[in-house]
Amino acid sequence: MNRHVVIVGGGFCGATLLFHLLRRGDRSLRVTVVDPSLELGRGLAYAAWAQQSLLNVPCGDMSLDAAEPDDFLVWARLRFPNVTPHSFLPRAVYGQYIMERVYSVWRDECVAHLRDSVTMLRPELAGWQVTLSRGHSLMATEVVLALGNPPMFDPLGQCGLPTNHPYYFPTPWPCVALPITHRNASVMMIGTGLSMVDQYLALRAQGHSGPCYAVSRHGLLPHTHITPLPILPSELAMRIRSAVSQGTLYQRLRAFRSLVRQAGPAWSWQAQFKVLRENATMLWQTLPHKERHRFIRHLRPYWDAHRHRMAPEVGEAILSAVQDGALQLLRGRFLHVHTASGRFVVTMAVGPDEPTSLEVDVLINCTGPCYQAALRRPLEQTLVQQGLAQPDVLGLGLQCMPDGQMIDVRGQPVIGLHMIGHARRGSIWESTSVPELRVQAQQLASLLLRVATPHGAKPFVTQPVR
Ligand SMILES: Cc1cc2nc3c(=O)[nH]c(=O)nc-3n(C[C@H](O)[C@H](O)[C@H](O)COP(=O)(O)OP(=O)(O)OC[C@H]3O[C@@H](n4cnc5c(N)ncnc54)[C@H](O)[C@@H]3O)c2cc1C
């Protein structure tokens, strides 16, 4: 069989991988992308509905190809002449850019987009049988899973409540639109990260003027980007890198904080944090398992608040909403929710005190992606049952080799099965945003173009799924 790569998922990662395969691939390579969406590349983040929401990474870091860092900027300037590398454009505009780049290398004779979902993969002698939700299947020599952000943890479902309440929104995507009758309704958003920020601004843009609450364990808002970011002297960047590359988690944290203090305000913490981000893979991989666990349990909310920052104009709007009380941040552990007379009564533990309850009309889940929820999606569930995949020990994704080749239940790499994106988080912590994902896509494209998969031996299957 000629080489046929099937990419499952056509969001940012799937589309970027396709782009690199087509740009560099030979004409005998066939590629099929399976994704139910109409447009490739947009995925969840850059959908056409995201016209009001801004990117949370400046233009200068959003090019599809890390080796051509100005590509997005050049594209954007043809449409918005005042754009600079430090501008934050609407997410829908970025989706348009990815689509245009992908369709610019499209060749009908070797690429197809099937608007469907993959429900199962079965290893065969010559490769993989890929089963689609409508019952058809296709054969592939290699399969890449680019399934995107896992769904969110569902607080209502967890409390045993039916999740079909008309004013419970299990996800903030696409942004929740309230009917005109609910313009003054009280709204609680569970989560205080960037999803909450987008949702709050979307409600206000719709003319909503009721009280808004946002709750999370630490009540931390994302910090705001500063632009332009000062370029650190290389000696300082090297000192940061070496200070955080060994020791326990808390020793590394202390070393970093002390360097930030010593460096003083001239070198913003944001610029110094960038060094951490650029070295995140090394940092993550040099932490022993126990320390990674500690990071997830104790430091993650602080990492997220510093790492996933708001565009400056967004930060300004949110901070002023918090200041004037239009958006109230609550610090508490979500315990329970029940309904009374159609409203939600949310109970939270705040410090050592008795739990407190708050009654609201609308509840929006903004808790962010949770990989345990992904393991309930049919494809991941089946792969784990088949023994072709196994969750990573911290529950962040699926186990894989550094190059994305999946690892089976015996701990062996699975021939011809790769993944890219969020599911790699267990081994590559920074697997969530464009600057890192585009590199994963580029490297995987190079690997696929170099390596013809040595099929012939039937890959190991523990429990065939009927
Ligand atoms: C709201 C939001 C805003 C963001 N903003 C930014 C930003 O400004 N800058 C930044 O760098 N990062 C941002 N991110 C991070 C973002 O997740 C990544 O940039 C990137 O979009 C992830 O791409 P992906 O392909 O992994 O996932 P997605 O783009 O979500 O694509 C996954 C695709 O897989 C498909 N799929 C899933 N399962 C199957 C199946 N079984 N069969 C077939 N298809 C399937 C889905 O339909 C989907 O189209 C944002 C994320 C979100 C959620």
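Before any of the text, the structure's been laid out above.
First, a word on scope: everything that follows refers to the structure included in this document. Small disclaimer: the values here were computed from a predicted structure and weren't measured.

1. Things to note about the sheet that holds strand S8 (residues 168–169)
Taking strand neighbours across the sheet as the criterion, the 5 strands line up as S8-S15-S9-S10-S11 in an open arrangement whose pairing is parallel. What marks the edges here is a single partner per strand, and that holds for S8 and strand S11 (327–331). Where strand S9 (residues 187–190) and strand S15 (residues 362–365) come together, 4 bridges link them in parallel fashion. Residue pairing for S15: Met-188 is matched across the bridge by Leu-363. Against the sheet, helix H5 (residues 194–205) contacts S9, strand S10 (212–216), S11 and S15, and its axis sits at roughly 160° relative to S9.

2. Quick look at the packing of H5 against helix H11 (residues 312–323)
Contact geometry of H5 with H11 gives a least axis separation of 11 Å together with a crossing angle of 75°. When the axis of H5 is compared with that of H11, the two are roughly perpendicular. On H11, the residues touching Val-197, Tyr-200 and Leu-201 of H5 are Val-314, Ala-317, Ile-318 and Ala-321. Class assignment for the residues of the contact of H5 with H11 results in 7 nonpolar, no polar and no charged.

3. Focus on unusual backbone geometry
Note: most residues except glycine have negative phi, and most peptide bonds are trans. Of note, the amide linkage connecting Trp-173 to Pro-174 takes the cis form, showing an omega dihedral of -10°. One can find Pro-174 in the loop between S8 and S9. Of note, the amide linkage connecting Thr-227 to Pro-228 takes the cis form, showing an omega dihedral of -15°. Locating Pro-228 in the fold gives a position in the loop between S10 and helix H6 (234–243). Of note in this structure, Ser-341 is not a glycine but carries a positive phi near 50°. Position of Ser-341 relative to the elements: it lies in the loop between strand S12 (333–340) and strand S13 (343–349).

4. Some thoughts on the site of the ligand
With respect to spatial proximity, 32 residues lie near the ligand, and among them Gly-9, Gly-11, Gly-43, Gly-148 and Gly-421 are the closest. Listing elements by their share of the shell around the ligand, those giving two or more residues are helix H1 (12–24) and helix H14 (434–450). The element that contributes the greatest number of residues to the shell around the ligand is H1, accounting for 3 residues. Residues of the shell around the ligand, tallied by class, amount to 16 nonpolar, 14 polar and 2 charged.

5. Observations concerning the sheet that holds strand S5 (residues 127–132)
Here we have 3 strands laid out as an open sheet, ordered S4-S5-S6, and antiparallel in their pairing. What marks the edges here is a single partner per strand, and that holds for strand S4 (118–124) and strand S6 (137–140). Within the sheet, the average angular offset between the axes of one strand and its neighbour, ignoring direction, is 25°. Pairing between S5 and S6: 4 bridges, direction antiparallel.

Each value, and the rule that gives it
- Residues numbered from 1 in each chain as written.
- Predicted model: local features only at pLDDT ≥ 70, side-chain atom pairs only at ≥ 80, totals over all residues.
- Pairing = 2+ DSSP bridges.
- Helix = DSSP H or I, 4+ residues; strand = E, 2+ residues; numbered from the N terminus.
- Contact = placed C-beta atoms within 7 Å.
- Axes fitted to C-alpha atoms, helices over the stretch in contact; angles between N-to-C directions.
- Parallel < 35°, antiparallel > 145°, perpendicular 65-115°, else oblique.
- Nonpolar A, V, L, I, M, F, W, Y, C, P; charged D, E, K, R; others polar.
- Near = placed C-beta within 6 Å.

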